[in-house]
Amino acid sequence: MATRTKRFAAEYELYYWPSIQGRGEFIRLALEAAGAAYVDVARLPQRQGGGTRALFALLDGEGDGVLPFAPPILRHEGLVIAQTANILAYLGPRLGLVPRDEASRVAAAQHQLTIADFVVEAHDVHHPLGVDLYYEDQKPESHRRARLFVSSRMPKFLGYFEKLLQRNQAAHKGAGGHVLGKALSYVDLSLFQLASGLEYAFPHAMKRLAPKIPRLLAVREGVAAEPRVAAYLASDRRIPFNEDGIFRHYPELDPARARATG
Ligand SMILES: N[C@@H](CCC(=O)N[C@@H](CS)C(=O)NCC(=O)O)C(=O)O
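Given the structure is predicted, the values throughout are model-derived calculations rather than measurements.

1. Description of the packing of aromatic side chains
Part 1 of the argument: Going through the model one piece at a time under the given rule, you end up with eight aromatic pairs.
Part 2 of the argument: Relative to Tyr-250, the ring of Tyr-135 has its centre 3.9 Å away and its plane inclined at 10°; by these criteria the two rings are stacked. Residue Tyr-135 is found in the loop between α4 (102–126) and α5 (139–171), and its partner Tyr-250 is found in the segment after α9 (227–233); the two are separated by 115 residues along the sequence.
Part 3 of the argument: An aromatic cluster is defined as three or more aromatic residues linked by ring pairs; in this entry it consists of Phe-118, Phe-149, Phe-157 and Phe-202.
Part 4 of the argument: Over the aromatic face of Phe-8 sits the side chain of Lys-6, whose NZ or CZ is 5.2 Å from the ring centroid.

In structure tokens form, the structure reads like this:
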């Protein structure tokens with residue numbers, strides 16, 4: 001179908017909700033860390049072809065290429081690409097954010113899909129019944145879900161990522177701080193985002209878990225100190241965490257002391 005949506009001068013066009021980090025942040029971080037020329041289309045004013053109108057136009061099939069179900073969506077060289085992990089698998093080699101060999105690329109895609117699974121669970125803590133209801137309409141269920149998430153799922157997922165880091169460190173002696181090989185990859189960037197989001201949403205739970213995940217926390221620090229990432233985090237391009245996104249801080253879901261589950 002011929003495109004009826006505006007094209008921009010920047011090489012990459014990201015379409016995502018303009019007021020939250022959400023899943024779009026995994027893509028923003030990759031583009032920023034690589035210094036890629038991109039435009040965050042829905043954050044532009046509508047008169048410049050931006051706003052959520054541009055995003056809805058793509059969702060309504062007014063772009064070229066494959067019809068996307070949900071944002072984030074990347075537009076590049078005539079392609080319209082959705083699904084966070086899929087977008088990163090596409091961007092990784094182009095931005096130099098994944099090792100070149102096939103085994104590493106497949107591993108990166110696998111890790112990113114595991115992160116995606118975890119992101120769904122982090123989101124479902126405040127929306128255990130469904131996305132069409134407000135958090136306020138599902139508070140008792142959220143309380144129950146939060147207890148299970150914090151006591152069981154967070155340690156399981158984060159412990160797994162810690163093991164990946166440990167194994168990569170052992171395989172590349174002395175080269176800590178990365179999940180794959182010796183260089184920064186999009187998976188490291190996503191682990192940074194995951195750890196940052198969890199620290200925002202569940203500061204008490206993260207403090208309790210911290211002694212068990214030193215490598216993951218070191219990745220978080222290392223990524224934050226990458227010059228391009230640091231510049232991005234200090235800029236107004238980085239939207240602050242807020243209670244409309246995936247990682248939400250509701251103090252009642254993160255008590256200072258661990259509670260019994262159930
Ligand atoms: N599996 C998809 C999930 C995409 C997704 O759920 N996007 C959210 C925003 S973070 C959305 O707008 N969903 C609309 C919907 O599910 O109706 C991905 O990882 O990109």
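2. Topic: the side chain of Asn-168
Part 1 of the argument: As for its placement among the helices and strands, Asn-168 is situated in helix α5.
Part 2 of the argument: For Asn-168, a relative accessible area of 9% translates into the label buried.
Part 3 of the argument: A polar side-chain atom of Asn-168 sits 2.8 Å from the main-chain carbonyl oxygen of Gly-181.

3. Remarks on the environment of Pro-68
Part 1 of the argument: With respect to the element layout, Pro-68 can be found in the loop between α2 (51–59) and β3 (73–76).
Part 2 of the argument: C-alpha of Pro-68 to C-alpha of Gln-83: the two residues are 15 residues apart in sequence and 8.3 Å apart in space.
Part 3 of the argument: What Pro-68 contacts, discounting residues up to four positions off in sequence, is Leu-58, Leu-59, Ile-73, Val-80 and Ala-82.

4. Focus on the sheet that holds strand β2 (residues 38–40)
Part 1 of the argument: An order of β2-β1-β3-β4 is seen for the four strands of this open sheet, with the pairing classed as mixed. In this open sheet, the two strands that pair with only one neighbour each are β2 and β4 (79–82). The mean inter-strand angle of the sheet, taken between neighbouring strand axes irrespective of direction, is 20°.
Part 2 of the argument: Bridge count for strand β1 (residues 12–15) against β3 is three bridges, and the pairing is antiparallel. Each bridged residue has a counterpart across the sheet, and for Tyr-15 the counterpart in β3 is Ile-73.
Part 3 of the argument: Against the sheet, helix α1 (residues 24–33) touches β1 and β2, its axis set at about 160° to β1.

What counts and what doesn't
- Residues numbered from 1 in each chain as written.
- Predicted model: local features only at pLDDT ≥ 70, side-chain atom pairs only at ≥ 80, totals over all residues.
- Heavy atoms only, no water.
- Phe/Tyr/Trp six-rings, centres within 6.5 Å; stacked < 30°, edge-to-face > 60°.
- Helix = DSSP H or I, 4+ residues; strand = E, 2+ residues; numbered from the N terminus.
- Lys NZ or Arg CZ within 6 Å of the ring centre and 35° of its normal.
- Buried < 20%, exposed > 50% of the residue type's maximum accessible area, 1.4 Å probe, protein only.
- Polar contact = N/O pair within 3.5 Å; in protein donor to acceptor, adjacent residues only side chain to side chain.
- Contact = heavy atoms within 4.5 Å.
- Pairing = 2+ DSSP bridges.
- Axes fitted to C-alpha atoms, helices over the stretch in contact; angles between N-to-C directions.

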